[in-house]
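# Overview (structure and organization)
One letter stands for each residue in the lines below.
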Amino acid sequence: MKKKMMSLVAVGLAVSMLAGCGNAGTSGDESSGGVESSTQKSKASSEEGSAESSEDAGESAGGSGNVNEFGWEVPEDTLVINILDAAGDYAPTEGEKAGEENVIKYFKEKFNVEFNIQHITGDGTEAVNLALASGDYPDIIRSLPFTVMEKFVQMNKAVDLTPYMDTLGTDLKKSMGEHYPLFLDDEQKLWYVPSLMGSIDDFPDFSAHIRYDEWQGIGAPEIKTPDDYYNALNAILEKYPTTPNGESRYAMSLYSSGSPASYCGFWGLKDGYKIDDEGNFTYWAFTDEGKEMSKFFNRFYLDGTLDPDAFANNFEQWKTKFSNERIVGAVGSWWISYNAGHEVWQGIDPNMPEDKRFIQIGFKAEGVDTAYLSAKNYLGSTCTIITDKAEDPESLLKFINWQATELGQAITGWGLPNGTAIGDTGRIGKFWDIDENGNWSVDPVAKEQLITETWSYDDEHYWTGVPWLFVNQTRWDDGEHNIWPNQMWYTENKWKSMMIDNLSDTIFDSSALTLRVKSDDVKMAEQAVKDAWEMNWPQVVQAGSDADFDAAWTQLQSALTNAGVEKMEQAYSENYKAAMKKLEQ
């Protein structure tokens with residue numbers, strides 16, 4: 001296979017440079033527009049299979065009736081799909097380059113689909129804006145920021161997908177599910193599909209952390225409230241006051257990317273806001289719950305067990321302290337105690353006891369019904385559009401619709417099946433297998449490596465690289481599988497199973513809370529508010545007395561008011577009310 005690649009260079013160029021990846025037999029010459037429009041060309045060999053095609057798939061694109069093992073109706077003439085990946089900063093490894101080449105070849109042979117994929121080496125948004133201004137862009141653009149997608153729509157450069165969703169787009173619409181209304185504009189039109197949407201709604205993102213062996217060492221007391229957690233950490237600190245190297249320890253530490261808005265989830269707020277029954281938002285610093293959260297952290301300061309660098313640590317500095325066993329407890333993303341804890345310790349001592357590791361736990365304040373710790377936004381953050389360059393948008397939508405099926409999601413997320421050469425190593429790698437009748441299974445060796453966390457993420461580059469035009473990371477109907485090979489079989493991993501059990505009632509759907517379009521005033525207010533709490537909240541936590549705390553709290557509120565927090569509250573409230581109205585229709 002001969003591959004032609006160039007880069008779409010974003011910065012400092014008046015004319016964008018486009019290039020794609022072609023198959024053997026292509027000349028490599030650019031058309032006057034930089035790329036070809038989608039066409040049907042060349043005859044495909046028949047692929048027999050028993051998998052069912054996606055719903056209504058045969059109504060367009062020269063349906064052949066020949067359905068391959070992936071449920072794709074192989075077109076009689078090659079479907080050419082020209083794609084611009086707007087993610088930007090493209091700097092692939094050798095494995096990633098090889099993976100894309102392998103994908104292009106496989107889809108030509110098995111699907112009679114020819115991908116021409118263009119990448120952006122610089123800033124993706126800037127490059128796409130230049131392409132829009134010049135009119136030099138291909139049939140499909142993926143990973144497009146929402147606001148840039150809106151520009152294409154406003155300039156009549158995007159295809160309205162609404163008329164197709166009950167015919168060619170049924171699998172897409174089914175996958176988008178109950179959130180489908182939130183993808184529609186105010187006129188109930190659909191102009192894009194999310195490049196990546198959904199969520200693993202049984203897996204937490206945020207938690208409190210406590211070291212398992214030390215918690216066992218103090219009798220494993222029950223932890224249900226902030227007081228329980230505070231008491232457990234200080235009990236551990238009292239029993240284990242120094243590290244193996246004799247350094248002092250702290251019951252609690254923080255680092256710079258932590259946010260009080262997230263910590264408020266333990267006190268029943270959602271994404272840092274209190275939302276009343278009418279949908280009005282109140283920022284955390286103007287609630288009793290936010291004040292109680294701040295007093296929780298202030299307690300560690302008052303008793304001398306808060307890391308004195310809690311508001312100075314960046315993550316790497318915090319990680320060093322954590323890895324050196326100087327931190328007893330932490331609050332943050334679930335993975336931080338993996339990354340800074342046992343994953344480091346195992347590398348130093350392969351014979352480390354299994355229970356020397358942190359576990360992830362939840363708790364909630366007295367009188368709070370639910371702790372809202374893990375916000376799941378099912379809408380995603382980027383978009384895929386079919387542009388006005390497409391001569392046959394129905395055929396392109398047919399492919400995107402197939403990608404929404406489970407087998408479409410499988411090959412997109414898991415990569416090519418049945419084994420792929422790992423460069424020149426002589427090794428073959430794979431995650432899954434599929435036979436000619438569409439019967440598939442996960443490779444047992446791959447599954448074991450993922451469960452035991454010994455999987456090679458470098459090897460998998462060689463069989464992945466299918467363009468993500470539509471991907472939904474939510475679990476499939478079987479409740480187990482999804483697009484991420486490392487996000488399955490939790491019940492077979494003792495520690496992740498424990499984490500899920502501990503945090504099962506702390507996960508919530510935040511899709512309706514998501515503000516995707518922000519005015520300049522709101523953007524400025526958000527930055528000013530962030531600056532205000534970053535400057536003033538540490539003074540609250542580090543107040544030396546109740547009087548000092550109250551004074552610092554008043555100063556925090558004053559700074560936030562001056563920063564324009566009311567503009568944020570109003571924007572989020574209006575957006576939430578509009579979203580809920582869409583969902584009720």
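As a reminder, the structure under discussion sits directly above these lines.
These remarks concern the structure in this document. (Residues numbered from 1 in each chain as written. Predicted model: local features only at pLDDT ≥ 70, side-chain atom pairs only at ≥ 80, totals over all residues. Heavy atoms only, no water.)

Attention shifts here to the overall build of the protein. Counting its regular elements, the protein contains 17 helices and 18 strands. Out of the 585 residues belonging to the protein, those deemed buried represent 54%. Sequence-distant contacts in the protein: of pairs separated by 6 or more residues, those separated by 24 or more amount to 74%. (Helix = DSSP H or I, 4+ residues; strand = E, 2+ residues; numbered from the N terminus. Buried < 20%, exposed > 50% of the residue type's maximum accessible area, 1.4 Å probe, protein only. Contact = heavy atoms within 4.5 Å.)

The next thing to look at is the pattern of salt bridges. Note on pairing: side chains with opposite charge can pair once their charged atoms come close. In the structure shown here, the tally under the stated rule is 27 salt bridges. Among the salt bridges present, the one from Lys173 reaches Asp166, with a minimum N-O distance of 2.8 Å. You can call Asp166 exposed: its relative accessible area is 56%. A salt bridge links Lys530 to Glu534; its shortest N-O distance comes to 2.6 Å. Here Lys530 and its partner Glu534 are both found in helix H15 (residues 520–541), four residues apart, which amounts to about one turn of the helix. Looking at Lys530, the relative accessible area reads 37%, which means it is partly exposed. In the salt-bridge network here, residues are joined through shared partners; they are Arg211, Asp213, Glu214, Arg249, Glu325 and Lys356. (Salt bridge = Lys/Arg side-chain N within 4 Å of Asp/Glu carboxyl O.)

Remark: helix H9 (residues 315–323) packs on helix H10 (residues 336–348), axes separated minimally by 9 Å, with the N-to-C direction vectors making an angle of 45 degrees. Considering their axes alone, H9 and H10 lie oblique with respect to each other. In this structure, H9 crosses over H10, and the sense of that crossing is right-handed. Only Ile336, Ser337, Asn339, Ala340, Gly341, Val344 and Trp345 of H10 make contact with H9, whose side of the interface consists of Phe315, Trp318, Lys319, Phe322 and Ser323. By residue class, the composition of the contact of H9 with H10 is seven nonpolar, four polar and one charged. (Axes fitted to C-alpha atoms, helices over the stretch in contact; angles between N-to-C directions. Parallel < 35°, antiparallel > 145°, perpendicular 65-115°, else oblique. Left-handed = near helix turned anticlockwise from the far one by under 90°. Nonpolar A, V, L, I, M, F, W, Y, C, P; charged D, E, K, R; others polar.)

The subject of this paragraph is the nonpolar core. Within the largest apolar cluster, 157 residues are counted, with the highest numbers of intra-cluster contacts made by Tyr229, Trp284, Phe431 and Trp537. Counting residues per element, this core draws most heavily on H15, which supplies eight residues. The contact partners of Trp537, leaving out residues within four places of it in the chain, are Leu254, Pro260, Tyr263, Trp284, Met293, Ser294, Phe297, Phe311, Ala532 and Leu556. One finds Tyr255, Ile327, Trp345 and Phe358 within the second-largest nonpolar core, a separate group that totals eleven residues. (Core = buried A, V, L, I, M, F, W, Y, C linked by side-chain atoms within 4.5 Å.)

Once that is clear, we can look at the side chain of His119. Tracing the backbone shows His119 in the loop between strand E3 (113–118) and helix H2 (124–134). With relative accessibility at 7%, the residue His119 sits in the buried group.

Helix-helix packing: each pair is described by the crossing angle between the helix axes and the interaxial distance. At a minimum axis distance of 8 Å, the contact between H15 and helix H16 (residues 546–563) shows a crossing angle of 170 degrees. By the criterion of interaxial angle, the relationship of H15 to H16 is roughly antiparallel. Residue-level contacts link Ala525, Ala528, Val529, Ala532, Trp533, Asn536, Trp537, Gln539 and Val540 of H15 to Phe549, Ala552, Trp553, Gln555, Leu556, Ala559, Leu560 and Ala563 of H16. Its residues assigned to classes, the contact of H15 with H16 shows 14 nonpolar, three polar and no charged.

So, on to unusual backbone geometry. Of note, Asn418 is a non-glycine position whose phi angle comes to about 75 degrees, a positive value. Mapping Asn418 onto the fold places it in the loop between helix H12 (406–414) and strand E14 (420–421). The class for Asn418 is partly exposed, based on a relative accessible area of 40%. Of note in this structure, Trp489 is not a glycine but carries a positive phi near 60 degrees. Looking at the element boundaries, Trp489 is found in the loop between helix H13 (444–451) and helix H14 (494–503).

This part takes up the packing of aromatic side chains. According to the stated counting rule, one finds 62 aromatic pairs in the structure shown. Summarising the aromatic geometry, the rings of Phe206 and Phe266 are spaced 6.3 Å apart at their centres and angled 50 degrees between planes, so their arrangement reads as tilted. Here the residue Phe206 occupies a position in strand E6 (residues 206–211), and Phe266 occupies one in the loop between helix H7 (260–263) and strand E8 (273–275), the gap between them amounting to 60 residues. Since its relative accessible area comes to 10%, Phe206 is described here as buried. A relative accessible area of 1% places Phe266 in the buried class. Positioned above the aromatic ring of Tyr230, the side-chain terminus of Arg299 is 3.7 Å from the ring centre. Its end group placed over the ring of Tyr137, Lys389 keeps NZ or CZ at 5.0 Å from the ring centre. (Phe/Tyr/Trp six-rings, centres within 6.5 Å; stacked < 30°, edge-to-face > 60°. Lys NZ or Arg CZ within 6 Å of the ring centre and 35° of its normal.)

The terminal C-alpha atoms of helix H8 (residues 288–302), which comprises 15 residues, lie 20 Å apart, in line with the 21 Å expected from a rise of 1.5 Å per residue. Residues of H8 that are buried: Glu289, Gly290, Met293, Ser294, Phe296, Phe297, Asn298 and Phe300. Along its buried surface, H8 packs onto helix H6 (226–239), strand E7 (250–252), H7, E8, H15 and H16. Note on H8: the residue one or two positions beyond its end, Gly304, has a positive phi of about 80 degrees. (Expected span 1.5 Å × (residues − 1).)

Attention shifts here to the pairing of E6. Judged by how many residues are buried, E6 sits mostly within the fold: six of six residues are covered. Side chains of E6 alternate between two faces, with Phe206, Ala208 and Ile210 and Ser207, His209 and Arg211 buried alike. Across five bridges, the pairing between E6 and strand E10 (residues 327–333) is antiparallel. Paired with Ser207 across the bridge in E10 is Gly332. (Pairing = 2+ DSSP bridges.)

With mixed pairing, four strands are arranged side by side in an open sheet as E7-E10-E6-E11. Unpaired on one side and paired on the other, E7 and strand E11 (358–361) mark the two borders of the sheet. Strand-to-strand twist across the sheet, computed as the mean angle between neighbouring axes with direction ignored, equals 25 degrees. With respect to the sheet, H9 is in contact with E10 and E11, its orientation differing from that of E10 by roughly 140 degrees.

The next subject is H13. Taken as a whole, H13 has its buried residues at Ala446, Leu450 and Ile451. Taken around the axis of H13, the buried residues stretch over an arc of 130 degrees, which confines them to a single face. Exposed and oriented more than 90 degrees from the buried face of H13 are Pro444 and Val445. The first or second residue beyond H13 is Glu453, which carries a positive phi of 60 degrees. (Arc of directions from axis to C-beta.)

Checked against the element boundaries, Met488 lands in the loop between H13 and H14. Separated by 13 residues in sequence, Met488 and Arg475 have C-alpha atoms that sit 9.0 Å apart. With sequence-adjacent residues up to four places away left out, Met488 is seen in contact with Trp414, Phe431, Arg475, Glu480, His481 and Asn482.

On to the environment of Arg357, then. Position of Arg357 relative to the elements: it lies in the loop between H10 and E11. You can call Arg357 buried: its relative accessible area is 6%. Separated by 143 residues in sequence, Arg357 and Glu214 place their C-alpha atoms 9.1 Å apart. Ignoring sequence-local partners within four residues, the contact set of Arg357 consists of Ile210, Arg211, Tyr212, Asp213, Tyr338, His342, Trp345 and Trp495. Within the structure, the side chain of Arg357 is placed 3.2 Å from the side chain of His342, a separation counted as a polar contact. (Polar contact = N/O pair within 3.5 Å; in protein donor to acceptor, adjacent residues only side chain to side chain.)

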